[in-house]
Amino acid sequence: MSGTQTLPHPLRPLTKEELLKARTLVVEKHGGDNITLFFRSILLDEPKRDALVEFLTAEHAGETPTVTIPRQVTVLFDRVQDGVPQLHEEVVDVEAGEIRRTKSFPAYCQTSYTTPEFSTFYDACVSSDMFKDAISEFTLPEGFEITIDPWPYGGLDPGEEVPRYMQGLVYARKKSHDNPDANHYGYPIPIIPVMDFATKKLIRVDRLATGGKGDSLYPTERAAEPKKLFGHDKSAEYVPELLDRPLRTDLKPIDITQPEGASFKVHSDNLVEWQKWRFRLGFTPREGAVLHDVCYDGRPVLYRLSFSEMTVPYGDPRPPFQRKQAFDFGDGGIGRAANNLKLGCDCLGAIHYLSAVVADPEGKPDVAENVVCMHEQDNGIGWKHTNFRTNRAVVTRLREFVIQFIATLANYEYVFAFKLDTAGGISVETRATGIVSVVPIDEGKVSEYGNVVFPGVLAQNHQHIFAVRIDPSIDSYGHNDTAVVLEESHPIPMNPETNPHGNGYGIQRQVVESAMYADAEPKLNRTVKMENVHKKNPISGKNVAYKFAPPATQLMLADENSTQAARAPYARHHIWVTGYRDEELWAAGEFTNQSKKEEGGVKAMVERGDWFVDEPSASSETGKRSSPVVWNVFGLTHNPRVEDWPVMPVEIHQFHIRPADFFTSNPALDMPMKKNETSTIISCCGKNVGSDGEKNDGSTQASALAHGQGTAGDGIDPKTLGSGSSENKEKRKSVLSKVLPWKKD
């Protein structure tokens, strides 16, 4: 595509110079006496779809795009005047040096927390006499120090109107280990301090109930004498040097090498190419990695693919745990919390890392190193068939290209991955690990609200409910070219005309005409198909498509009248189909922090009433003809196990977006069949594998008859058919005598 080589791509990553220029323009406009600017995020303002589609169409045709797309940057910041903050958003054209759009938000719109706010909260606790008094209710053993995890304040109670708050979970850590990685989560203290950011002071310290099954939901009265905590000497450690058991010594290394190098290419403008796949990789402070313009063999598949939200509601009804509900994308930002990934640990093999330019609290450019890793991996057999008539097997491997990022949010780690494969499929994967969130419980008691995983430590029941946003462009970028269809497999009642033996079943299709929601239904194999309505597969005659089966995982358990449910209606259904609008990316709405209910999320998008066909059966005055966006919701109901302590083995969830009549044959037919020469045979019991001291010819296993394939060399000339054909009889006898040597004529 020589015509586009001199034209910068509109999805290229943000540079330090662009970020600094956007900051400078905002400071010039908003700075002044008694005014402080607190920068929350600076990121690329994604181009409007119509303009970007025009650019992409020309790019893929090898032509020079004629559309001019301004290079714009979104700046989100607090303008603090006389101590009163006002949240603002400016969209800056960094090439023209002008501010294009300005927006301010009402006080109840609380954006995500930042690192300096966490530090402010910690300092407020440490310097507070209120906190000191709350701690004095307890006596800690000698050699322990206090540590605090900041947490979002959560959803407001009915009638509660508060400014920006933060709460914290309080723990103790053993100083005697002389190790900063000693596990403080094993020693929770039953108080939660709450701070008002307007005053930067604590307003109260909530005391926690520590009873068990059958006890009150509320804490007991404060005793006259301090309560002794942690009256045991058991280990809660997970770092190797502090473990109470030796590490395994019989584990042999597995090395992943690519002696000829990697099969993928990454360009300076974040274009990635691998095995007929091609996409642009983005990264945002809220979403982490984002895939743009995903194509296979030059054909568009997805316009944009991203993780949109995750809510973590806790199921402990004792106050104040009704507020313990995190929105890890909206409250904190998965991209902000992304790990600096380590070679040979987080990612194995031949790795390429992506770093991202981000803003510090002063709005100055910083670099988040190695926030995304990309690599290839083997995922077992891709396809195989053995022709036992000729004793020939053809087998290929399923190769995957992994785009992975990991976020740490307080106690939990989340591993997110997009996996493209050589059969044209896309897998979306989440892994939950880290340390379960815990609260104190009186030793010797058990609870209905969680599981005791360590003496005096209750891991509360909770859920993790994810939303993935899928913006399809099935073999076309056209607004009206992609349709969504719900396809189900239904039994057909037995009847003499259509199903005389009762074994038949039929496929039913529902074209999604307007914005809606639905749930997974494994009994009907409910499948979401994203189809091009104007292109047919020349073999099947069906619309070219991609499809996925939404996982039938448990949805939100909180009562539908609860604040938890009102804040995350997306978590009540597995499938949402909404009309495309620029900048609508958030399943639970843009502002989740301290929300009472969702605003601008998928529920509101459905209620708006967009439609996707020319003549819908129903329309809405607030909606319009649009292209569909699909949201898949899935999750993990986590009722903790003792085995989740002190650090949790990964809990893996996946769904698979696969071609459905998109190709004219298996797209992985051209994968080479290459034997791995580094594989070896391991002997057992002092003998070679398969050796029992006797000679084996393997004739039974090698027989085509044993595999339901007829007989070897059983091609029959039609002219010789008939029971009197002695030639065919002799051929069968010869084969059977080899397979069944004990059988006589």
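Residues numbered from 1 in each chain as written. Predicted model: local features only at pLDDT ≥ 70, side-chain atom pairs only at ≥ 80, totals over all residues. Heavy atoms only, no water.

(A) Quick look at the packing of aromatic side chains. As enumerated under the stated definition, the model contains 32 aromatic pairs in all. Note on Phe 634 and Phe 655: the rings are 5.7 Å apart at their centroids and 65° apart in plane angle, and the pair reads as edge-to-face. Within this pair, whereas Phe 634 is found in strand 33 (residues 628-638), its partner Phe 655 is found in strand 34 (residues 648-660), the two being separated by 21 residues in sequence. Here Phe 634 matches Phe 655 in class, with each residue buried. Grouping aromatic residues by their ring pairs yields a cluster made of Phe 307, Phe 329, Phe 405, Tyr 412, Tyr 414, Phe 416, Phe 418, Phe 466, Phe 548, Phe 634 and Phe 655. Here the guanidinium or amino end of Arg 164 rests over the ring plane of Phe 197, the centre of that ring lying 5.9 Å away. The cationic tip of Arg 299 hangs over the ring face of Phe 662; the distance from NZ or CZ to the ring centre is 3.8 Å. (Phe/Tyr/Trp six-rings, centres within 6.5 Å; stacked < 30°, edge-to-face > 60°. Helix = DSSP H or I, 4+ residues; strand = E, 2+ residues; numbered from the N terminus. Buried < 20%, exposed > 50% of the residue type's maximum accessible area, 1.4 Å probe, protein only. Lys NZ or Arg CZ within 6 Å of the ring centre and 35° of its normal.)

(B) Up close: the side chain of Asp 316. Checked against the element boundaries, Asp 316 lands in the loop between strand 16 (299-313) and strand 17 (325-327). Within the structure, Asp 316 has its side chain in polar contact with the side chain of Arg 318 (distance 2.8 Å). At 3.0 Å, the side chain of Asp 316 forms a polar contact with the side chain of Gln 460. (Polar contact = N/O pair within 3.5 Å; in protein donor to acceptor, adjacent residues only side chain to side chain.)

(C) Spatial organisation of helix 2 (residues 49-60). Relative to the 16 Å expected for 12 residues at 1.5 Å per residue, helix 2 spans 16 Å between its end C-alpha atoms, a close match to the ideal helical length. Where helix 2 is concerned, the buried positions are Arg 49, Leu 52, Val 53, Phe 55, Leu 56, Ala 58 and Glu 59. Within two residues after helix 2, Gly 62 carries a phi angle of roughly 75°, on the positive side. (Expected span 1.5 Å × (residues − 1).)

(D) Structural detail: the pattern of salt bridges. Tallied over the entire structure, the rule returns 51 salt bridges. Close ionic contact of Glu 487 with Arg 509 constitutes a salt bridge, the shortest N to O distance being 3.4 Å. Remark: Arg 509 occurs in strand 28 (residues 505-511) and Glu 487 occurs in strand 27 (residues 482-491); sequence separation between them is 22 residues. Under the relative-accessibility criterion, Glu 487 is labelled buried at 17%. Counted as one network, the salt bridges with shared partners bring together Arg 12, Glu 18, Arg 71 and Glu 95. (Salt bridge = Lys/Arg side-chain N within 4 Å of Asp/Glu carboxyl O.)

(E) Here's a closer look at the nonpolar core. One finds Leu 281, Val 372, Ile 403, Ile 470, Tyr 570 and Trp 645 to be the most contacted residues of the largest nonpolar core, which totals 116 residues. Here this core gets seven residues from one element, more than from any other, and that element is strand 16. Look past the residues within four positions of Ile 470 in its chain and what remains in contact with it is Leu 302, Arg 304, Leu 305, Met 530, Phe 548, Val 629, Val 630, Phe 655 and Ile 657. Membership of the second largest hydrophobic core comes to 27 residues, among which are Phe 121, Cys 125, Leu 156 and Met 195. (Core = buried A, V, L, I, M, F, W, Y, C linked by side-chain atoms within 4.5 Å. Contact = heavy atoms within 4.5 Å.)

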